[in-house]
Amino acid sequence: MTKLVALVPILPLLGFVIVGLGGKKLSKSLSGWIASGVVLISFVVSLILFFHLNQNSEQEVSIKLFDWIAAGRFSADLTLMVDPLTSIFLLVITGVGFLIHLYSIGYMHDDEGHNKFFSYLNLFVFFMLLLVMGSNFLVMYVGWEGVGLCSYLLIGFWHKNNSYNNAAKKAFIVNRIGDLGFLLGMFLIYVTFGSLNYSEVFSQAKFYVSDEPVLIAITLLLFVGAVGKSAQLPLYTWLPDAMAGPTPVSALIHAATMVTAGIYMVARSNILYTLAPTSLHIVALIGVITAVFAATIGLLQNDIKKVLAYSTVSQLGYMFLALGMGAYTTAVFHVVTHAFFKALLFLGAGSVIHAMGGEQDIRKMGGLKSHLPTTYLTFLIGTIAISGIPPFAGFFSKDEILAHAFAHNKIFWLLGLGGSVLTAFYMFRLLYLTFFGSFRGTHHQQQHLHESPKSITIPLIVLAALSVVGGFIGLPEAFHTKHLLKSFLSPVFADSDLRMLPAEITHATEYALMALAIIIVIVVVLLARNKYVVKGELPLQDGAPMTALPKLIAHKYYVDEIYDSFIVKPLHWIGTIFYRFMDIQVIDALVNFVGKATVWSSDRVRLIQTGKIGYYVFVMVLSVALLLLYISY
Amino acid sequence: MKSLLLLSGLGVGAMVAELINIKRFLFPLVCLGLIATIGVSIYDWNTDIHLFNNMLRLDNFALLFTASLSLITLLWLIGAKKYIETETSISDKYALTMFTLLGAFIMVSYNNFTMLFIGIEILSISLYVLAGSKKNDLFSNEAALKYFLMGSFATGFLLFGIALIYGVTGSFHIDVVGEYCRANAGNIPTMFVAAIVLIIVGLAFKVSAAPFHFWAPDVYTGSPTMVASFMITVVKTAAIVAFLRLFFAAFGYIPGTWQAIISVITVLTMYIGNVTAVFQQNVKRMLAYSGVAHAGYLLIALVALTNLSGGAIFYYTLVYSIATLMAFHILYIVSDNKNEGVGFEAFNGLAKRNPLMALGITVSMLSLAGIPPLAGFFGKYYVFTAALEAGRYKLVILAVIASLISVYYYFKIIIAAYYHKSNKAPIELSPAHRFLYIASIFLLLFLALAPDFLIRWAK
């Protein structure tokens, strides 16, 4: 069993090596199938590991690959481990990952960088698996940086377009800010606990008093890392821009897996956070604000992928809200359901973009329902799931978050409910504008409208099915059934649960809340239908006059502009000064001086070599005399 | 004993070969002899034989260097065959080479001051002749004369030092002198210290350490290119090992008396060697100064004198010799057998004229400059580690700066080979040379992969 653990990440690495080195020598279909095949095998192995953990009382399976670093008292080894938390992430990463690989075979078929794309995708899966399988913070950090690198490479995959390159750079740089927080947090962990291994750190942490300053510092620093990777306020700006990458990349990296790394990190270090309620409060606050903030921006976006991107930011906010209330299981639950329906929505959007010949503006779509029936149906399921309508997946996880919020803090609940209302509105707006009404594109586009090939529709159908039934792994206790996910994950969060159980509410209240949420959402959906289908309203064209508030929202609250003028430009300015003055005037001059001085002294020193023997012997005797003089004193 | 007899036999045999006219068998015979000495060293491993009333001691340390010197000579011979056999008196040169190596063997296995002196003299006298072996060349003659005059002078100092040691201790035996040093560590007479200084001068001359290095650039430049490459590798290795043996067994007990002196010599050597090399326009002369500078790095291990020193010096000399030999062999071909040497422009366009030679000179220069991942880097690494273990931080910092300077002149050749154009005809290599370059490049890369593997033998 332990040997199998190593197989999970090694297979995608192998795929990366084969497809990457094979380059143009491998045919397109072969490299696509190799890349998908390795992820499929990883998925099968993950399933075996999952059932093994489920049936046995064993809490984790681990394998030590080798001692990695040993320097002085510091040592870190490369040990891979699978416990229930990791197991859930493994299934999501390899399962959804495989479907997206399969989808890419059809989607990237005509791209000249086909093989490169698949090698990057495999590399990404490898690093993501390393991130969740490492048994210490250092290995997690390696995975963390690795997925960041792959994200950078894949956002800028079509590197001939310069704005895509800028988007890639932006993603990388903004993530670096978060990474710095992670790194500092890791240093502090080492200084405090003398180790980076989860088992040692967490077992020592148990003996700390609640809200010890050092724990608050560690958790906040780690959270800065999570904010960067999981695109929360104020570091979320890179994620909408990251939509420049090919759509499967948006689905895999920027919706289903990589951006949930922050959630994983907090859930993994749950004991640290539980012992630092102050940090937890900040996590919840940032989460709920991001959830609402991003949802409002989603209302007025016209790019099909941008709407989904802001929606992702918003949903990640919900996950952090759940974490911040100590409801770690709920956060993981939402990660799983979100992975299903958001991957589905992105892939559906990709299918639409494919049919539209690259067009992403929903104002130029409309009436696609009859042309793309499978895509429409699956997209509809995804939309229902994210809006929180039962019995689809999103309902259960979101309801659980809202129920916790109601018990925890009424303001959080109100904001969360507001956010879910906004979500339902912008998602149905997207659906109606894309698939209903009449076609608004060019005549040429209309002639080429077609349903996507099988390799694209099959993943859509599978994900749609998962979006329908995915919620049943976590039925609310009000239904008097077992919460499967909770009992499976309970060993991971046992220590936290001993100290602080998330607040509970009565079953009657829970039913009431559910009913309320469902009614509001259905009303909102009907409103959206009335506005966009019955009345046939369209979003304004770019540059059309708007009132103040919509204008503010349509410009995304000018956050990018603010960052640009207050951070980017001053930094540029300082950089220019340092370049002109420090680099050229001081450092270059110094370096040149050293070089010239060496040559000059060489020119002088070589003169002592006169070529005359008498002189040589004289110097020798003089030296001997000086040495003898030296020793006689 | 076996390897000494073998080499003397080969030397005498080579002279006889002139009489009975079997010169064309000499090359394979000598090569076989060298391989046999390596074999004998492996055979004798771990036996610790004492010869001639304990005047020679064939311990593992001695055997290790006997083998490595034979290997270096073998590599040298493959490239130098052309030089040896195009000039007159072929068998003399073979014989002299064998006698030089014999002297070197004695220098790495002596256990008695008389043996040290005899070894140095056997080595030196053969070399005086070899330096002048290009009889019609004025530079060659000048080099031989200069080397002879200054060499005799230095031997004088050495002998004087040995005499004073005898005066104080009443013995020529290293063991006895070592025992004396240990017993009187706190109370060493000035006469004994003066003896140490004089012996240091004699040996420093042989390793070409400043300020006793003046002969080296002139002699290396004037001697036939192939002879110079032999001197700068085999002789330097033998001399530094003689140094190390003496200090490990005897003077190591009283470091206070000599460490400051050798530290100063080390720093002077590194800086005079490196700084002067920067301005040289003649590649052969540049390599000569580079040889001086490397003597400085080697002396660092001597100053440190820890358990690592022996291994560090073994690894360093081997790697340095392979890289330097390859550079000289390439220089010899590039300079069309011109003895006085050529400027950097001779390397122009080498990458086009012969890619293997360009690669060879690049690997050689990078290794000498100590750029990872080549073996030269690990050589410096071990020497510096030994010094750091001994707490010699300032020395290491100075050495690192000195080796930075060296990058300047080593890279000049690489730049010429790859970036400058030339309209000269491509160079055809003989199979022997091709083998030599490939083997050397391979060794410089391979030894870098497993440095510990070699170092372990010298412990």
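The model shown is predicted, which means the values in this text are computed figures rather than measured ones.

A. Local environment of the overall build of chain B. Within chain B, the secondary structure is distributed over 19 helices and 2 strands. The buried share of chain B, reckoned over its 459 residues, is 65%. The long-range share in chain B, meaning contacts at least 24 apart out of those at least 6 apart in sequence, stands at 80%. Of the roughly 16,000 Å² that chain B leaves accessible, carbon and sulfur atoms contribute 68%.

B. Just the packing of aromatic side chains, in detail. Going through the model one piece at a time under the given rule, you end up with 54 aromatic pairs over all chains. With 5.4 Å between their ring centres and 25° between their planes, A:Y328 and A:F493 make a pair best called stacked. Here the residue A:Y328 occupies a position in helix α15 (residues 328-355), and A:F493 occupies one in helix α21 (residues 484-499), the gap between them amounting to 165 residues. Note on accessibility: A:Y328 and A:F493 belong to one class, buried. Summarising the aromatic geometry, the rings of B:Y180 and B:F192 are spaced 5.3 Å apart at their centres and angled 45° between planes, so their arrangement reads as tilted.

C. Structural detail: the pattern of salt bridges. Residue and element names in this part refer to chain B. Under the definition given, this model contains 18 salt bridges over all chains. A salt bridge links K146 to E142; the nearest nitrogen and oxygen atoms lie 2.9 Å apart. Taken together, the residues K146 and E142, both in helix α6 (residues 138-169) and 4 residues apart, mark about one turn of the helix. K146 sits in the buried class, given a relative accessible area of 5%. According to the relative accessible area criterion, E142 is partly exposed, its value standing at 39%.

D. Structural context of helix α6 (residues 162-193) of chain A. Residues and elements named next belong to chain A. Relative to the 46 Å expected for 32 residues at 1.5 Å per residue, α6 spans 46 Å between its end C-alpha atoms, a close match to the ideal helical length. Taken as a whole, α6 carries its principal kink of about 25° at I177. In the stretch just after α6, G194 is the one whose phi turns positive, near 75°.

E. A look at the packing of helix α15 (residues 355-369) of chain B against helix α17 (residues 393-419) of chain B. Residue and element names in this part refer to chain B. Relative to each other, α15 and α17 sit at 170°, their axes nearing to 9 Å. The pairing of α15 with α17 is recorded here as roughly antiparallel in orientation. Contact residues: A358, L359, I361, T362, M365, L366, L368 and A369 in α15; S406, V407, Y410, F411, I413, I414, A417 and Y418 in α17. Among the residues making up the contact of α15 with α17, the classes are represented as 14 nonpolar, 2 polar and no charged.

What counts and what doesn't
- Residues numbered from 1 in each chain as written.
- Chains lettered and ligands numbered in written order.
- Predicted model: local features only at pLDDT ≥ 70, side-chain atom pairs only at ≥ 80, totals over all residues.
- Heavy atoms only, no water.
- Helix = DSSP H or I, 4+ residues; strand = E, 2+ residues; numbered from the N terminus.
- Buried < 20%, exposed > 50% of the residue type's maximum accessible area, 1.4 Å probe, protein only.
- Contact = heavy atoms within 4.5 Å.
- Areas by Shrake-Rupley, 256 points an atom, 1.4 Å probe, with all protein chains shown as cover.
- Phe/Tyr/Trp six-rings, centres within 6.5 Å; stacked < 30°, edge-to-face > 60°.
- Salt bridge = Lys/Arg side-chain N within 4 Å of Asp/Glu carboxyl O.
- Expected span 1.5 Å × (residues − 1).
- Bend = angle between axes of the 7 residues up to and from the residue.
- Axes fitted to C-alpha atoms, helices over the stretch in contact; angles between N-to-C directions.
- Parallel < 35°, antiparallel > 145°, perpendicular 65-115°, else oblique.
- Nonpolar A, V, L, I, M, F, W, Y, C, P; charged D, E, K, R; others polar.

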